[in-house]
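Working through the structure, step by step
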Amino acid sequence: ELVYAVIDLAPSIVFFVLPVTLLSVGVGLAVIYVGVPLLALGLLVARFGGLVQRTMALALLDLPSTAPGWQPPRGPGPISALAAVLRDAGARATQ
């Protein structure tokens, strides 16, 4: 467990500071619609951080875990992909 704690310290800091910063700036700029893509980016970074944390825990601690599924976009294009990220309940659910 000590090896996991030491190895996981740097990614934990990065995957805490980056999503909190992106979400804070995104909420502040959502009034002028620049913040909406930042909110989606913050959610994607947080989700990727969870994937990294889960993978490291599986590799170093032998804990059972399953990754949540991604919700596919309903249509083509970047707006549909952005809406799928914001609409995805799996990104907000805790397991």
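Residues numbered from 1 in each chain as written. Predicted model: local features only at pLDDT ≥ 70, side-chain atom pairs only at ≥ 80, totals over all residues. Heavy atoms only, no water.

What about the overall build of the protein chain?
Scanning the protein chain from terminus to terminus reveals four helices and zero strands. Order of helices (α) and strands (β) in the protein chain, N terminus to C terminus: α-α-α-α. Per-residue burial over the protein chain gives 21% buried out of 95 residues. Expressed as a percentage of contacts within the protein chain between residues at least 6 apart in sequence, the contacts between residues at least 24 apart total 50%. (Helix = DSSP H or I, 4+ residues; strand = E, 2+ residues; numbered from the N terminus. Buried < 20%, exposed > 50% of the residue type's maximum accessible area, 1.4 Å probe, protein only. Contact = heavy atoms within 4.5 Å.)

Points about the side chain of Ser-80
Among the structural elements, Ser-80 can be located in helix H4 (residues 78–87). Its relative accessible area of 15% is what places Ser-80 among the buried residues. Here the side chain of Ser-80 touches Gly-75 through a polar contact of 2.9 Å, landing on its backbone nitrogen. Sequence-distant contacts of Ser-80, that is, excluding residues within four places in its chain, are made with Pro-73, Arg-74 and Gly-75. (Polar contact = N/O pair within 3.5 Å; in protein donor to acceptor, adjacent residues only side chain to side chain.)

Comments concerning the packing of aromatic side chains
Summed over the entire model, instances satisfying the criterion amount to one aromatic pair. Relative to Phe-48, the ring of Phe-15 has its centre 5.7 Å away and its plane inclined at 75 degrees; by these criteria the two rings are edge-to-face. Of the two residues, Phe-15 sits in helix H2 (residues 9–29) while Phe-48 sits in helix H3 (residues 35–61), which places them 33 residues apart along the sequence. (Phe/Tyr/Trp six-rings, centres within 6.5 Å; stacked < 30°, edge-to-face > 60°.)

Thoughts on H3
Here H3 spans 37 Å end to end across 27 residues, near enough to the 39 Å set by a 1.5 Å rise per residue. Those residues of H3 not exposed but buried are Gly-35, Ala-40, Gly-42, Val-45, Arg-47, Gly-49, Val-52, Gln-53, Met-56 and Ala-57. Where H3 is buried, its residues touch helix H1 (2–7), H2 and H4. The positive-phi residue at the C-terminal boundary of H3 is Asp-62, with phi of around 55 degrees. (Expected span 1.5 Å × (residues − 1).)

Let's talk about a nonpolar patch on the surface
Nonpolar side chains collect at one region of the surface, where Leu-9, Ile-13, Phe-16, Val-17 and Val-20 lie side by side and expose about 480 Å² of accessible area between them. Along the chain, the position of Phe-16 falls in helix H2. (Patch = residues over 30% accessible without salt bridge, like charges linked within 9 Å, V, L, I, M, F, W, Y side chains within 5 Å. Areas by Shrake-Rupley, 256 points an atom, 1.4 Å probe, with all protein chains shown as cover. Salt bridge = Lys/Arg side-chain N within 4 Å of Asp/Glu carboxyl O.)

Observations concerning unusual backbone geometry
Phi angles above zero are rare outside glycine, and Tyr-33 is one such case at about 65 degrees. When you line up the elements, Tyr-33 lands in the loop between H2 and H3. Judged by its relative accessible area of 66%, Tyr-33 falls in the exposed class.

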